[in-house]
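What follows is each chain in one-letter form.
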Amino acid sequence: MADLSVNFCGVKFKNPILAASAEPTLNLNMMRKCIEAGAGGVVAKSISSIYGMRKLSKYSTWRYLNEKHEVARGKVPRMFTLYGRAGASLVPPKEWMKMLKEVKVIADANGAVVIGSGMGPTIPDWVEQAKMFEDIGIPIMECNFGCPHPYAMDLPAKMGMEIGQDMELSSAIIEAISSAVKIPVLAKCTQQIPDMVDMAKAMKVNGAAGVTISNRFVGFVVDVENGKPLISGWSGVGGPWVKPLTLRWISKVHVAMNEFQISGSNGPYDWKDIAEFMMSGATTVQVCSVIMLKGIAYITEMVAGLNSFLDRKKWSARDIIGMAAKQALTYDQMYDLGRSRSTIDEEKCTMCGNCLESCFYDAIGTDGEKVWVNDNCVGCGICYSVCPSDAVDMSELKPFVDPEK
Ligand SMILES: Cc1cc2nc3c(=O)[nH]c(=O)nc-3n(C[C@H](O)[C@H](O)[C@H](O)COP(=O)(O)O)c2cc1C
């Protein structure tokens, strides 16, 4: 059994896999299921005093889409898109706290952590939410600065990603909350900003213990047969294909801010993705769309998969945090690694012509009987990817000598 425990924002988690703030944490029963499935913690559904945000959850609309961005029916592919809308918790904040207290008892009994999540219309409202969480013993608060829906809503104040896109306002909220309560505060960001590193630095300066990278994007999907927007208009969009975009920012923030705590969200599908999020710099990883698809019990499989992997590698969960991010090179540093050049194995080549069509450097020639690589080859590797018969080898690395230098 590997050591899966992590220390996140000063709180010990038995494992890094958390149920994200969303429908799988919408009420006591859902959160109990996540905890009993073995989650290290649950980020409870965001609360809001704004009725419009709660109303949206009473009108929640979702579709899993296939690779063509058509509605999937029954067979949902691995690279799905989850497209749709939901708002804040169904019940107002005060009522929510009574239930959350009970969730905390269940979590304590199972060694799991409950994180509170909020969305306020004004700074005093944000502070009031934080105090309510602290009063019932919730050890961390996450501020939802990433919800994509306020963008297309007529709300009385900036909410969700509208706050996350306003560095001054998000800084003021974090500053007010972290001065008013002792519990660590997380800013859950949107990627729809120019630079996540700037945002994370602003959050840290103003007292945040960490950032959650990130909430979902806003999208627009067209029902082409009817010439209409699918499910009537703009919606939140995400899925496992988003992962490289999310990991870009997690790794950038990790490298720029080393010890600043990051919770990863937006794109994990399985235990391998959890490991990738951690290797990019996340200490905890939140899961949502995949458990909405496969069921909450899938958390058990994710925890077990991560455990087997770490066990096989003789690593602890803490060992892998930032492991890959720290090794990322700049483009200039990459030139020093040398450059590969493709070679073609005549025995394996079937003369399909794929490599000829996909070489943009005039580096592959043919006489109709065989194919060869000439000195124009820059080692880009496209031929390696398109060859169906494993005839291209890229393993040889040669020093990169630039004739223009
Ligand atoms: C149905 C649904 C409801 C959500 N509700 C919230 C919410 O209340 N608060 C929040 O911070 N994020 C919310 N999110 C965003 C998720 O917490 C998560 O950040 C996002 O889905 C990306 O993670 P994933 O790729 O694992 O789905 C919601 C997402 C979905 C799909």
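Calculation criteria
Residues numbered from 1 in each chain as written. Predicted model: local features only at pLDDT ≥ 70, side-chain atom pairs only at ≥ 80, totals over all residues. Heavy atoms only, no water. Helix = DSSP H or I, 4+ residues; strand = E, 2+ residues; numbered from the N terminus. Rg over C-alpha atoms; globule rule 2.2 N^0.38 Å. Buried < 20%, exposed > 50% of the residue type's maximum accessible area, 1.4 Å probe, protein only. Areas by Shrake-Rupley, 256 points an atom, 1.4 Å probe, with all protein chains shown as cover. Lys, Arg positive; Asp, Glu negative; His and termini not counted. Charge placed at Lys NZ, Arg CZ, Asp CG, Glu CD. Contact = heavy atoms within 4.5 Å. Near = heavy atom within 4 Å. Polar contact = N/O pair within 3.5 Å; in protein donor to acceptor, adjacent residues only side chain to side chain. Nonpolar A, V, L, I, M, F, W, Y, C, P; charged D, E, K, R; others polar. Phe/Tyr/Trp six-rings, centres within 6.5 Å; stacked < 30°, edge-to-face > 60°. Lys NZ or Arg CZ within 6 Å of the ring centre and 35° of its normal. Domains from an automatic or database assignment.

With that settled, the discussion passes to the overall build of the protein. The helix and strand inventory of the protein stands at 14 helices and 23 strands. Rg of the C-alpha trace for the protein: 24 Å, near the compact-globule value of 22 Å for 405 residues, within the 12% margin. For the protein, the residues scored as buried account for 54% of the 405 residues in total. When the accessible area of the protein is evaluated, it comes to approximately 19,200 Å², of which 52% is carbon and sulfur surface. Taking the average place of the 42 positive charges on the side chains of the protein and the average place of its 44 negative ones, the gap between the two points comes to 8 Å.

Attention now moves to the side chain of Lys-104. Within the fold, Lys-104 resides in helix α3 (residues 93-109). Taking relative accessible area as the criterion, Lys-104 reaches 19% and is therefore assigned buried. Non-local contacts of Lys-104, meaning those with residues more than four positions away in its chain, are made with Val-114, Ile-136, Gly-137 and Ile-138.

Glancing now at the site of the ligand. Taken together, the neighbourhood of the ligand is formed by 22 residues, with Ser-21, Ser-46, Ser-265, Gly-267 and Ser-289 sitting nearest. Between a nitrogen atom of the ligand and a side-chain N or O atom of Asn-215, the distance comes to 3.3 Å. At 3.3 Å, a backbone N or O of Asn-266 approaches an oxygen atom of the ligand. For the ligand, the accessible surface in isolation is 610 Å², of which the surrounding protein chains cover 96%. Among the residues forming the shell around the ligand, the class breakdown is 8 nonpolar, 10 polar and 4 charged.

We now examine the packing of aromatic side chains. The full count for this structure, using the stated rule, is 9 aromatic pairs. Here Tyr-151 and Trp-234 contribute two aromatic rings whose centre-to-centre distance is 6.3 Å and whose plane-to-plane angle is 85°, an arrangement assigned as edge-to-face. Taken as a pair, Tyr-151 in the loop between β9 (140-144) and α5 (161-164) and Trp-234 in the loop between β14 (228-229) and β15 (235-238) lie far apart in primary sequence, 83 residues in all. When its relative accessible area of 44% is taken as the criterion, Tyr-151 is described as partly exposed. A relative accessible area of 47% means that Trp-234 is categorised as partly exposed. Pairing Phe-220 with Trp-234 gives two aromatic rings, centres 5.8 Å apart and planes at 40°, and the pair type is tilted. Separated by 14 residues along the polypeptide, Phe-220 in the loop between β12 (217-219) and β13 (222-223) and Trp-234 in the loop between β14 and β15 bring together distant segments of the chain. Each residue in the set Tyr-64, Phe-80 and Tyr-269 is aromatic and connected to the rest through ring pairs, giving one cluster. When the ring centre of Trp-249 is taken as reference, the NZ or CZ atom of Arg-248 above it lies at 3.7 Å.

This part covers the domain arrangement of the protein. Under the domain assignment, the protein is made up of domain 1 (6-327) and domain 2 (331-398). A straight line from the C-alpha centre of domain 1 to that of domain 2 covers 42 Å.

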